[in-house]
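Report on the structure
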Amino acid sequence: MSYFQVNDQCNGCLACVQNCPANALQAIDQGPARTLQHNMTRCARCGNCWRICPQDAIEFQYLLRNKWDDVVKLQLDRCEVCGETLYTLAYGQGLASKLPTALKPLCAKHKAGPELLAQTHFPTKASSAKGENT
Amino acid sequence: MIVGDLKALDEIIASLKGYRRILAVGCGSCVTVCLSGGDREARELARELSRTRYYAQDPPLVNWTTIERQCEKDFLLSYLEIPEGTDAVLSLACGAGVQTMASLYEPLPVIPALNTTFLGASNEPGVWEEMCRGCGDCMLSFTGGICPVARCAKSLFNGPCGGSQGGSCEVREDMPCAWAMIFYRLKKQGRLDQLLKVREPSDWRPAGGSGVRERRRTGIDGSPGD
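Because the structure is a prediction, the values reported are computed rather than measured.

Aromatic rings considered in pairs are described by the distance between their centres and by the relative angle of their planes. Counted under the stated rule, the structure contains ten aromatic pairs over all chains. Centre to centre, the rings of A:Phe60 and B:Tyr79 are 6.4 Å apart; their planes meet at 45 degrees, and the pair counts as tilted. Taken together, the residues A:Phe60 in the loop between helix H2 (48-52) and helix H3 (61-64) and B:Tyr79 in helix H4 (residues 73-79) connect one chain to another. Given the relative accessible area of 0%, A:Phe60 is considered buried. An aromatic cluster is present here, built from A:Trp50, A:Phe60, B:Phe75 and B:Tyr79 joined pairwise through their rings.

It is worth spelling out unusual backbone geometry at this point. With an omega of 10 degrees, the peptide bond running from B:Glu106 to B:Pro107 counts as cis. Summarising the element assignment, B:Pro107 is placed in the loop between helix H5 (95-104) and strand S5 (110-112). Its identity as a non-glycine residue notwithstanding, A:Asn23 has a phi of 50 degrees, on the positive side. Tracing the backbone shows A:Asn23 in the loop between helix H1 (15-19) and strand S1 (25-30).

All names here are of chain B. Taken as a whole, this structure holds 13 salt bridges over all chains when the rule is applied. Here Arg 51 and Glu 48 are joined by a salt bridge, their closest N and O atoms 3.0 Å apart. Across the pair Glu 129 and Arg 151 runs a salt bridge, and its minimum N-O distance is 2.9 Å. Here Arg 151 lies in helix H6 (residues 148-151) and Glu 129 lies in strand S7 (residues 127-132), a separation of 22 residues in the sequence.

Here the focus is the pairing of strand S4 (residues 88-91) of chain B. Residues and elements named next belong to chain B. Burial along S4 is two-sided: the face carrying Ala 88 and Leu 90 and the face carrying Val 89 and Ser 91 are both buried. For strand S2 (residues 21-27) and S4, the ladder comprises four bridges, and the chain directions are parallel. Bridge assignment links Leu 23 to a residue of S4, and that residue is Val 89. In this sheet, S5 lies alongside S4 in parallel orientation, the contact comprising three bridges. Within S5, the residue paired with Leu 90 across the bridge is Ile 111. Crossover handedness for the path S4 to H5 to S5: right-handed.

About the thresholds
Residues numbered from 1 in each chain as written. Chains lettered and ligands numbered in written order. Predicted model: local features only at pLDDT ≥ 70, side-chain atom pairs only at ≥ 80, totals over all residues. Heavy atoms only, no water. Phe/Tyr/Trp six-rings, centres within 6.5 Å; stacked < 30°, edge-to-face > 60°. Helix = DSSP H or I, 4+ residues; strand = E, 2+ residues; numbered from the N terminus. Buried < 20%, exposed > 50% of the residue type's maximum accessible area, 1.4 Å probe, protein only. Salt bridge = Lys/Arg side-chain N within 4 Å of Asp/Glu carboxyl O. Pairing = 2+ DSSP bridges. Right-handed = clockwise from strand over helix to strand, strands pointing away.

Printed below as a string of structure tokens:
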């Protein structure tokens, strides 16, 4: 997937490369071909390339709205009774290591799950002072 | 970045009184980063404004969208879609974005949802501090990178006032005195001589005293480059 896309009007004039304030565009001339490259981590999405392109070739909408990138896939842990998603397996393991008793995700509404989560992530002043759940 | 704060909900509701189809527009730049006017806040605000509890009659229809920057007319013209029948826009941008939208879509009312507060930086998650007042005649090179205009409660330009006590400002004890910070920073840098130099009075005209400030970058649109 490419965020920076041009239509077939692009003639490789390099106006976009020369006018990109973030140096997010470059052209590689190799053999018989010129390749235009874009680096998303440098791009400020300022729109300068789109404004100055003499060919109206830059399809800037793909830099404003585009697809989602998959980042990571993790196994889910579900309530053994109702089947609802609780959290990821890895998160549950981290949570279990912070609790004094084994975590058993069984309904009535996942037993005390939300309360335990709250205690873990938002300790009260009293529990912080005692060093609980930290 | 430009920092903004969401206005109180009752103020927003009062300013939208009488409008039935509202478009809340988030801005994808500074106010997204300072967690006050981005896509998430636009969506939350639209949802909140749609609740019946705030209205004696039916609530208005509040849609929401976000554009990368509300302060650029060509972005708005090309990419912002305002649903037909919208009778007011609620902008979650800074004042620059609100005014750009208001001028572009005249006579459609563009109502601010934010108070634009200052130019600042985040020193810790969720906390932003004023750093710059955009005075247009930067003296940070003489003051160890600490701005007395923005960081001194009195914007004193030539040293601390008599209220500087133990490194704190007299206006608020938890606020460090800008000039104490400047002194200690320059001392660490071995540049205390900077404070002894006599300088020309600052030019305050670029601070806004000459009317609307404008920056023209030459070399754009065929103008002679520099």
